[in-house]
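Working through the structure, step by step
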Amino acid sequence: MRRPLIPLLVVLLAACGGSAPGTRAPLDATASGSFQEVDAALPDDPVLEALVAPFRVRLDERLSEVLAQAEDRIVKARPEGALGALATDAMLAAARRRTDHPVDAALLNDGGLRAPIPRGPVTLARIYEVFPFENTLVLLQLTGVQMEALADQIAARGGHPVAGLTFRMEGREPDAIQVQVDGAAVEPGRTYWLVTADFVANGGDGFTTLEDPVAREDLGVLVRDAITEHVRELGTLTAAPPGRIRMAGR
């Protein structure tokens, strides 16, 4: 059952005619109002229902679009999982299409992925459940030293979704060893372009290694739109292990 539409809550304020810009008009002391508790017992407002109905139909049609078929249940995991690999692959592909910079790697915080993808049809509504946030793609140019430090920080936290970046985790409080970007060992003297979410780039989840990049470029593309685009292009999703972050000895 749909939740009833919230009726208009009318707040009576005095007219502000004659007020100078930047000043607050005085409130009318005689104004009054009332509150209505909103719950399932509140009846639908037929006028508002009629107003919203066409938009609701269009929204339902859009969200029910089938983007792909999942042959397996796609879930996140530590140190890595198929869902995280899918998201970072999508971010990497979207960034490479939208910039002339040679984008080398992608990173997303594990907490950004909120729901698995069940086996079967993958709708747009499902992608909203997986990534409900309005975060956008950001490019960060990092030195090789910063890339290695980033790998260490990811390892110390038990892994986060990455693409283009591979390493092994070693030790009880893991460090990253054999750090590679695009299959080649990281060179301390060169720079690399990393795509991530603005939440992470702005200090979210405590990725301190990203606080002082060589350069930054905001792409203005929603992470969710990048995932949607990628899933639609793939057509079929599988839960093949990515093998990007491995424990030493494996």
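An account of the accompanying structure is given in this report.

Reading the values: rules and limits
Residues numbered from 1 in each chain as written. Predicted model: local features only at pLDDT ≥ 70, side-chain atom pairs only at ≥ 80, totals over all residues. Heavy atoms only, no water. 1 Å grid on protein atoms, 1.4 Å probe; cavity = no way out; pocket = protein on both sides within 12 Å on 5 of 7 lines; lining within 4 Å. Points joined across faces, edges and corners; volume = space filled by probe spheres on them. Helix = DSSP H or I, 4+ residues; strand = E, 2+ residues; numbered from the N terminus. Buried < 20%, exposed > 50% of the residue type's maximum accessible area, 1.4 Å probe, protein only. Pairing = 2+ DSSP bridges. Phe/Tyr/Trp six-rings, centres within 6.5 Å; stacked < 30°, edge-to-face > 60°. Lys NZ or Arg CZ within 6 Å of the ring centre and 35° of its normal. Core = buried A, V, L, I, M, F, W, Y, C linked by side-chain atoms within 4.5 Å. Contact = heavy atoms within 4.5 Å. Nonpolar A, V, L, I, M, F, W, Y, C, P; charged D, E, K, R; others polar. Salt bridge = Lys/Arg side-chain N within 4 Å of Asp/Glu carboxyl O.

One number sums up the size of the largest pocket: a volume of about 170 Å³. Ile 74, Ala 82, Ala 85, Leu 86, Asp 89, His 230, Leu 234, Leu 237, Thr 238, Ala 240, Pro 242 and Arg 244 are the residues that line the largest pocket. With four residues, the single largest contributor to the lining of the largest pocket is helix α2 (residues 82-98).

Time to look at the pairing of strand β9 (residues 191-197). Here β9 lies mainly inside the structure; six of its seven residues are buried. As judged from the seven bridges shared by strand β4 (residues 136-143) and β9, these two strands associate in the antiparallel manner. The residue of β9 that forms the bridge with Thr 143 is Thr 191.

With respect to topology, three strands assemble into an open sheet ordered β3-β1-β11, the strand pairing being mixed. Lying at the two open borders of the sheet, with one neighbouring strand each, are β3 (120-123) and β11 (236-237). In this sheet, β11 lies alongside strand β1 (residues 66-70) in parallel orientation, the contact comprising two bridges. Note that in β11 the partner of Ala 70 across the bridge is Leu 237.

A word on the packing of aromatic side chains. Centre distance and the angle of the planes are the two values used to describe a pair of aromatic rings. Inspection of the entire model under this criterion finds one aromatic pair. Ring centres of Phe 131 and Phe 133 lie 5.6 Å apart, and the angle between their planes is 85°; on these two criteria the pair is classed as edge-to-face. Residue class for Phe 131 comes out buried when judged on its relative accessible area of 1%. Judged by its relative accessible area of 28%, Phe 133 is partly exposed. In this arrangement the basic side chain of Arg 157 is found over the ring face of Phe 207, its NZ or CZ atom lying 4.9 Å from the centre. In this arrangement the basic side chain of Arg 224 is found over the ring face of Tyr 128, its NZ or CZ atom lying 4.1 Å from the centre.

Let us look at the nonpolar core. Counting residues in each nonpolar core, the largest one holds 36 residues, and the members touching the most others are Ile 117, Leu 137, Val 195, Ile 227, Val 231 and Leu 237. Contributing elements (two or more residues each) for this core: β1, α2, β2 (103-107), α3 (124-130), β4, β9, β10 (215-222) and α6 (223-234). When residues of this core are assigned to their parent elements, the largest contribution, nine residues, is made by α2. Leaving out residues up to four positions away in the same chain, Leu 137 has contacts with Met 91, Ala 94, Ala 95, Val 195, Thr 196, Asp 218, Leu 219, Gly 220, Val 221, Val 223 and Ala 226.

Looking now at empty space enclosed by the protein. Enumeration according to the criterion identifies one cavity of 30 Å³ or more in this entry. Counted as a void, the largest cavity has a volume near 40 Å³. What lines the largest cavity is Glu 80, Gly 81, Gly 84, Ala 85, His 160, Pro 161, Val 162, Pro 242, Arg 244 and Ile 245. In terms of residue class, the lining of the largest cavity is made up of five nonpolar, three polar and two charged.

Turning our attention to the pattern of salt bridges. One pass over the full model with this rule turns up 11 salt bridges. Several salt bridges share partner residues, and in doing so they unite Arg 97, Arg 98, Glu 229 and Glu 233 into one network.

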